[in-house]
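Commentary on secondary and tertiary structure
Here is what each chain is made of, one letter per residue.
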Amino acid sequence: MDLGLSGHVVLVVGGTGLIGRAVVARLRAEGATAIAASRHAEDGITLDAQNPESVTAAIDGLLRAYGRLDALVVAAAPSARTLDASRHADPEQVLGAIDTKAMSFLRLVNAALPAMTGAGYGRIVGVSGQNALLTGNVAGSVRNAALIIAAKNLADTMAGTGVTINTVSPGIVSDTPAAEVEMGRPGDSHPDQIADLIAFLVSPRAGAISGESIAIGHRVRGVTSM
């Protein structure tokens, strides 16, 4: 299926990470101009999503260079497994985790929206995680839930403008995902599987999907959520 991404300009923040690299490769295979952004970008642009000036400068520079921004993918935050488990409920770690993930998402979206609303078209996808559905790690859970809630609020604000905003929530991401799904746990997924979903969501074909939080990797087994 042709996703209609040929010629589209997509900024992938966190584009040098495990998921981001797969997204960039998938989008380029579809004919999109996918630009990787990170704090230490080698193939792309330098952007620190925790620094508002860096965010503004990067997006302004991209618009000058390409004249358009069709989609934004935010996959910048490190895995929850990098958080200090012994401090999972420490307010300072929780606040830092929220800033790294949810607030960085807000900074990027706010900077990208004027160009998208001006064009009457845009696609935004944030990578959250199924930790939002689990207890046991306050920092990991709250940072993901905050991103999902922020994205839903923004999606509702953008309803009818041609700009869609969604989130995807992987379980464990692995180059060798296990087929088994443990009770009370989410399933595994491969970075390429996540990239396939994101490529669809940022395509013109996904114009009727907005405000959604989509789990990838079996949604937590044994738990019902609407």
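Our structure is the block above this text.
Residues numbered from 1 in each chain as written. Predicted model: local features only at pLDDT ≥ 70, side-chain atom pairs only at ≥ 80, totals over all residues. Heavy atoms only, no water.

Moving on, we get to the pattern of salt bridges. In the structure shown here, the tally under the stated rule is 6 salt bridges. In this structure, Arg87 and Asp90 form a salt bridge, with 3.1 Å as the shortest nitrogen-oxygen distance. One continuous salt-bridge network, built from bridges that share partners, spans Arg26, Glu30 and Asp196. (Salt bridge = Lys/Arg side-chain N within 4 Å of Asp/Glu carboxyl O.)

Across 4 bridges, strand E6 (residues 163-170) lies against strand E7 (residues 213-216) in parallel orientation. The partner of Val168 across the bridge, within E7, is Ile214. Crossover E6 to E7 through helix H5 (residues 191-201) is left-handed. (Pairing = 2+ DSSP bridges. Helix = DSSP H or I, 4+ residues; strand = E, 2+ residues; numbered from the N terminus. Right-handed = clockwise from strand over helix to strand, strands pointing away.)

A general trend in soluble globular proteins is that nonpolar side chains are found buried together. Leu11, Leu72, Phe105, Ile124 and Ile165 are the most contacted members of the largest nonpolar core, which has 34 residues in total. Of all elements in the fold, only strand E1 (9-13), strand E2 (33-38), helix H2 (52-66), strand E4 (71-74), helix H3 (91-119), helix H4 (138-157) and E6 reach the threshold of two or more residues within this core. Element by element, the count of residues in this core is highest for H3, at 10 residues. Sequence-distant contacts of Leu11, defined by excluding residues within four places in its chain, comprise Ile35, Ala37, Ile45, Ile59, Leu62, Leu69, Ala71, Leu72 and Val73. Listed in part, the 26 residues of the second largest apolar core include Leu5, Ala71, Val168 and Val202. (Core = buried A, V, L, I, M, F, W, Y, C linked by side-chain atoms within 4.5 Å. Buried < 20%, exposed > 50% of the residue type's maximum accessible area, 1.4 Å probe, protein only. Contact = heavy atoms within 4.5 Å.)

Counted at 1.5 Å a residue, the expected span for H3 with its 29 residues is 42 Å, and the 41 Å between its end C-alpha atoms agrees. Maximum bend of H3: about 40°, positioned at Leu113, with proline Pro114 one to four residues after it. Residue Asp90 occupies the N-cap position of H3, its side-chain oxygen lying 2.8 Å from the main-chain nitrogen of Glu92. Downstream of H3 by a residue or two, Gly120 has a phi angle that is positive, lying close to 75°. (Expected span 1.5 Å × (residues − 1). Bend = angle between axes of the 7 residues up to and from the residue. Polar contact = N/O pair within 3.5 Å; in protein donor to acceptor, adjacent residues only side chain to side chain.)

With that settled, the discussion passes to the side chain of Ser189. Tracing the backbone through its elements, the reader meets Ser189 in the loop between E6 and H5. Apart from residues lying up to four places away in sequence, Ser189 is in contact with Pro170, Ile172, Val173, Ser174, Pro177, Ile194, Ile216 and Gly217.

So, about the packing of helix H1 (residues 18-29) against H5. Each pair of packed helices can be described by the angle between their axes along with the distance between the axes. The interhelical angle for the contact between H1 and H5, taken along N-to-C directions, is 55°, at an axis separation of 8 Å. Here H1 is positioned oblique relative to H5, judged by the angle of their axes. In this structure, H1 meets H5 at a crossing whose hand is right-handed. Contacts between H1 and H5 involve Leu18, Ile19, Ala22, Val23, Arg26 and Leu27 from the first element and Pro191, Asp192, Ile194, Ala195, Asp196, Ile198 and Ala199 from the second. In the contact of H1 with H5, the residues fall into 10 nonpolar, no polar and 3 charged. (Axes fitted to C-alpha atoms, helices over the stretch in contact; angles between N-to-C directions. Parallel < 35°, antiparallel > 145°, perpendicular 65-115°, else oblique. Left-handed = near helix turned anticlockwise from the far one by under 90°. Nonpolar A, V, L, I, M, F, W, Y, C, P; charged D, E, K, R; others polar.)

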